[in-house]
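Now for the letters of each chain:
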Amino acid sequence: MKTTPFTEKHIALGAKMHEFAGYNMPIEYSGIIDEHLCVVSKAGVFDVSHMGEFWVTGDHALEFLQHVTSNDVSKLPLGKAQYTCFPNEQGGIVDDLLVYHVEPQKYLLVVNASNIEKDWNWCNTHNQAGAILENASDRTAQLAIQGPKAIDILQKLTPTPLDRIPYYAFETGTFAGCQPVIISNTGYTGAGGFELYFSPKDADTIWNAIFEAGKEEGIQPIGLGARDTLRLEMGYCLYGNDLDDTTSPLEAGLGWITKFIDNKDFVGRAILEQQKAAGVSRKLCAFKLRERGIPRHGYEIADGQNNTVGVVTSGTISPTTKEGIGLGYVKPELSTVGSEIFIRIRNKNIAAEVVKLPFRK
């Protein structure tokens, strides 16, 4: 298994380790519920160094990105980040990702760890524009510090005024005496906070500084288990569960990152335009159980007549509300808020209600 610059720290702290996307990663430390509630109420540190980072530069960088991504990168100002996806020729999703506009003609793509090789090959195959591509994944470390106390903790370690970095914006500066560090007001927990990108040689310095600065605020290391429950409570999609090569952004409720504008001939555009005009045959919805039970990935969804109408893509017991919650694809007529559906759990139909996101207010 691959390691991150923090793997030995996780082991020394007693983390439960497991393979994820080819990496030896911490799943939990003190327990998923404890870690989840720590992030919601205080602050937690996630090692996300397994994520992939690609640099896109040169005169044709924007042309390339307009072709391979669904969102409108031409509207992305310097110092801002954008959520988007790589559509495929069938209208499915190769991956979802972030695009950072770092300098004129210089962008950083942050892709999912499980898709690094796949995305790298995809980008090179579709680089007819002649952009300069660099895979910096192995030379980039990343930590996500999330929670309501994150900004106060991190501000002790950087002269950059963090309260002046809006959501989905970033600055490059000095952090814990290390530079350059990209300080990004992003994250996948819904609890607020920042993500830091830096050289692996600075990993020890930055890790130790964060935990020393956050000691009084009760900061904790957080594993991938709580990262999953936190993102699910917000209704954020996870690639491989809620998104994949067969799901379209329109089915997944991501029409807002799919821009059918002039002079943007992105991969799969024609099929997605047809889908938008004709309507989709399924939609991703959020639901909560009306009875006790735990919805799991892969469980069938039924209607009131016991017809199979979809499948659960993500599900858990919410650490915040203690209810069974989940996401799943169903027929469009059952995706509206208030609709009744049933989750098949151990051959029993458990009643559920389609609800508005997020689960955690």
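Cut-offs used in this document
Each chain carries its own residue numbering, running from 1 in the written order of its sequence. Thresholds applied to this predicted model are a pLDDT of at least 70 for local features of residues and 80 or more for the giving and counting of side-chain atom pairs; totals over whole chains, interfaces and linings are not thresholded and use all residues. Side-chain descriptors were evaluated using all non-hydrogen atoms of the structure, hydrogens and water having been removed beforehand. Secondary structure counts use DSSP, requiring at least four H or I residues in a row for a helix and at least two E residues in a row for a strand, with both numbered from the N terminus. Exposure categories follow from relative accessible area, calculated using a 1.4 Å probe and restricted to protein chains: below 20% of the type maximum is buried, above 50% is exposed, and the middle band is partly exposed. What qualifies as a polar contact is a pair of N or O atoms within 3.5 Å, subject to a donor-acceptor requirement within protein and to the restriction that residues adjacent in sequence count only when both atoms come from side chains. Two strands qualify as a pair provided DSSP detects at least 2 bridges between them. Note on geometry: axes are C-alpha line fits, over the in-contact stretch for helices, and angles between N-to-C directions span 0 to 180 degrees. Contact definition: two residues touch when any of their heavy atoms are within 4.5 Å. UniProt positions are given in the numbering used here, feature names are shortened, and annotations may be inferred rather than shown by experiment.

Enquirer: Requested: an account of unusual backbone geometry, with residues and values cited.
Expert: Of the consecutive residues glutamine 179 and proline 180, the connecting peptide bond is found in the cis state with omega at -5°. Going from leucine 357 to proline 358, the amide bond is cis rather than trans, its omega being 0°. In this structure, asparagine 263 is a non-glycine residue whose phi angle is positive, near 60°. With respect to the secondary-structure elements, asparagine 263 resides in the loop between helix 7 (224-234) and helix 8 (269-278).

Enquirer: Requested: an account of the environment of glutamate 251, with residues and values cited.
Expert: Locating glutamate 251 in the fold gives a position in the loop between helix 7 and helix 8. Accessibility expressed as a relative area gives 8% for glutamate 251, which makes it buried. Through-space distance from the C-alpha of glutamate 251 to that of isoleucine 341 is 18 Å; in sequence the pair is 90 residues apart. Separated by 3.2 Å, the side chains of glutamate 251 and arginine 282 make a polar contact.

Enquirer: Quick rundown of the sheet that holds strand 18 (residues 340-345)? Include the residues and the values.
Expert: The 6 strands are arranged 14-17-16-15-18-19 in a closed barrel whose pairing can be described as antiparallel. When strand polarity is set aside, the average angle formed by the axes of neighbouring strands in this sheet is 45°. Bridge count between strand 18 and strand 19 (residues 348-355): 6 bridges; the pairing is antiparallel. By the bridge assignment for strand 19, isoleucine 343 is matched with isoleucine 350.

Enquirer: Let's hear about the environment of valine 280: which residues, and what values?
Expert: Residue position: valine 280 is located in the loop between helix 8 and strand 14 (283-289). Owing to a relative accessible area of 18%, valine 280 belongs among the buried residues under this scheme. Remark: the alpha-carbon pair of valine 280 and serine 248, spanning 32 residues in sequence, is separated by 9.1 Å. Aside from chain neighbours lying at most four places away, what touches valine 280 is Leu250, Glu251, Gln275 and Pro332.

Enquirer: Go over the UniProt feature "binding site: substrate" (unreviewed entry) in the protein with me, naming the residues and quoting the values.
Expert: Listed under "binding site: substrate" (unreviewed entry) in the UniProt record, and renumbered for this structure, are Glu195. Position of glutamate 195 relative to the elements: it lies in strand 12 (residues 193-198). Exposure remark for glutamate 195: the relative accessible area of 6% places this residue in the buried category. Once residues lying within four places of it in the same chain are set aside, the contact partners of glutamate 195 are Leu98, Tyr100, Gln142, Leu143, Ala144, Ile182, Ile183, Ser184, Thr186 and Gly187.

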